[in-house]
Amino acid sequence: MGRKRPGKDPVDAVAGTGPVAGTYPIDTGTCELVPDSFSPDGWILMVNGVHSSHIDLADPRHLDFEYMRWIAALVESRWRPDASLRALHLGAAACSLARYLAAVYPGARQVAVELDGRLAELVRGWFDLPRAPLLRLRVGEARAVTETLHEDSRDLVIRDVFAGAKTPVPLTTAEFTAQVVRVLAPGGVYVVNCGDTPDLRGARAEAATICAAFEYTAAIADPAMLKGRRYGNIILAGSDTPFAEDPSLPRTLLGGAVPAHLWADEKVRSFAAGSRPLHDDPVREVPAEQSVAAPRQ
């Protein structure tokens, strides 16, 4: 149990036990399950000491992490609730966003990829996650799993993978992004959670990589982050079709606890100007990854 099994069967057979506060050994170290002191139904998942996920057992539509609310708003601006959405989550942890999308899109079929097999087993037992085929938990390394998927088989790919405070480099390169493009169906969307320091060097390089792969791009972040005043999250997205000019989306983003701005394609490309797309090294070694969100905003 808990072995790293890239490409093996999903974790779908673990009996539900409910959440129990405590610290647990997992394949990549330890995780801690902590009750949310502000919500009687809330639980916080820490992985190796870093905030990874928040789950509200009473309300799957409650997303505690601001950047997840930004992703959700972007997705909902593209697809109606009756869409049969096919989503791939690279980085599962407690599956907060997958659980949210299952509530908003009852016809969705989702796969969440988690490197840590033991963590996937614990999460499946703790939380009321949708069962297969609505949500499958697949144990494996995110890039290796993506490379096995069929062409045009996903409408939405969300990358939210961190090793500490950084996304493993092999999940940021042009070569990996080309695999995502191959997997996406026409009209599909690729969304990445990019955590960066105030110099924004990593975010600009990731933006350049996505701009090179997709005809249309978008970015979401709060003004302080976009101006390089702090460490935080920038959401980058790419598609082969324009992002909907939905007037409600900017209002939704501005109305959150951390107001965010939406950048359209022209502004994203201006942001990326001067940076080169990231590429694989001649000999690629995929480092151990953990599905740990960047520090909370």
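Here the structure is shown first, and the text comes after it.
Residues numbered from 1 in each chain as written. Predicted model: local features only at pLDDT ≥ 70, side-chain atom pairs only at ≥ 80, totals over all residues. Heavy atoms only, no water.

Undergrad: Can you tell me about the overall build of the protein chain, naming the residues and giving the values?
TA: Counting secondary structure elements, the protein chain contains nine helices and 12 strands. Burial statistics for the protein chain: of 297 residues in total, 53% are counted as buried. Surface exposure of the protein chain reaches about 12,600 Å², of which carbon and sulfur atoms provide 54%. (Helix = DSSP H or I, 4+ residues; strand = E, 2+ residues; numbered from the N terminus. Buried < 20%, exposed > 50% of the residue type's maximum accessible area, 1.4 Å probe, protein only. Areas by Shrake-Rupley, 256 points an atom, 1.4 Å probe, with all protein chains shown as cover.)

Undergrad: Quick rundown of unusual backbone geometry? Include the residues and the values.
TA: Between A132 and P133 the backbone carries a cis peptide bond, its omega angle lying at 10 degrees. Here P133 shows up in the loop between α3 (117-126) and β7 (135-139). A positive phi angle is found at C95, which is not glycine, with a value near 60 degrees. Locating C95 in the fold gives a position in the loop between β5 (86-90) and α2 (96-104). For D152, which is not a glycine, the phi torsion comes out positive at approximately 55 degrees. With respect to the secondary-structure elements, D152 resides in the loop between α4 (142-148) and β8 (154-159).

Undergrad: Give me the side chain of S153: which residues, what numbers.
TA: With respect to the helices and strands, the residue S153 is situated in the loop between α4 and β8. With near-sequence residues (within four places) excluded, S153 lies in contact with R86 and V183. (Contact = heavy atoms within 4.5 Å.)

Undergrad: Mind laying out α3, listing which residues take part and the relevant values?
TA: Most of α3 is tucked away: nine of the 10 residues are buried. Among the residues of α3, G117, L119, A120, E121, L122, V123, R124, G125 and W126 are the ones counted as buried. Contacts from the buried residues of α3 go to β1 (22-26), β2 (29-35), β3 (42-47), β6 (109-114) and β7. The N-terminus of α3 is capped by D116, whose side-chain oxygen sits 3.2 Å from the backbone nitrogen of R118. (Polar contact = N/O pair within 3.5 Å; in protein donor to acceptor, adjacent residues only side chain to side chain.)

Undergrad: An account of the environment of A21 is requested, with residue identities and associated values reported.
TA: As for its placement among the helices and strands, A21 is situated in the segment before β1. The exposure class of A21 is partly exposed, given its relative accessible area of 44%. Taking the C-alpha atoms as reference, A21 lies 4.9 Å from L33; in sequence the two are 12 residues apart. If we ignore the near neighbours within four places in the chain, the residues touching A21 are L33, P35 and W43.

Undergrad: Which residues make up the pattern of salt bridges, and what are the values?
TA: Counting across every chain of the model gives 10 salt bridges. A salt bridge links R86 to D155; its shortest N-O distance comes to 3.1 Å. Taken together, the positions of R86 in strand β5 and D155 in strand β8 put the pair 69 residues apart, joining distant regions of the chain. We classify R86 as partly exposed; its relative accessible area is 31%. One network of salt bridges, with partners in common, ties together R143, E147 and D280. (Salt bridge = Lys/Arg side-chain N within 4 Å of Asp/Glu carboxyl O.)

Undergrad: Outline the side chain of Q110, supporting the account with residue identities and numerical values.
TA: In this fold, Q110 is placed in strand β6. With relative accessibility at 2%, the residue Q110 sits in the buried group. Looking at Q110, its side chain comes within polar contact range of the side chain of H89, at 2.6 Å. Setting aside residues no more than four positions away along its own chain, Q110 makes contact with A87, H89, A98, L101, A102, P133, L134, L135 and R136.

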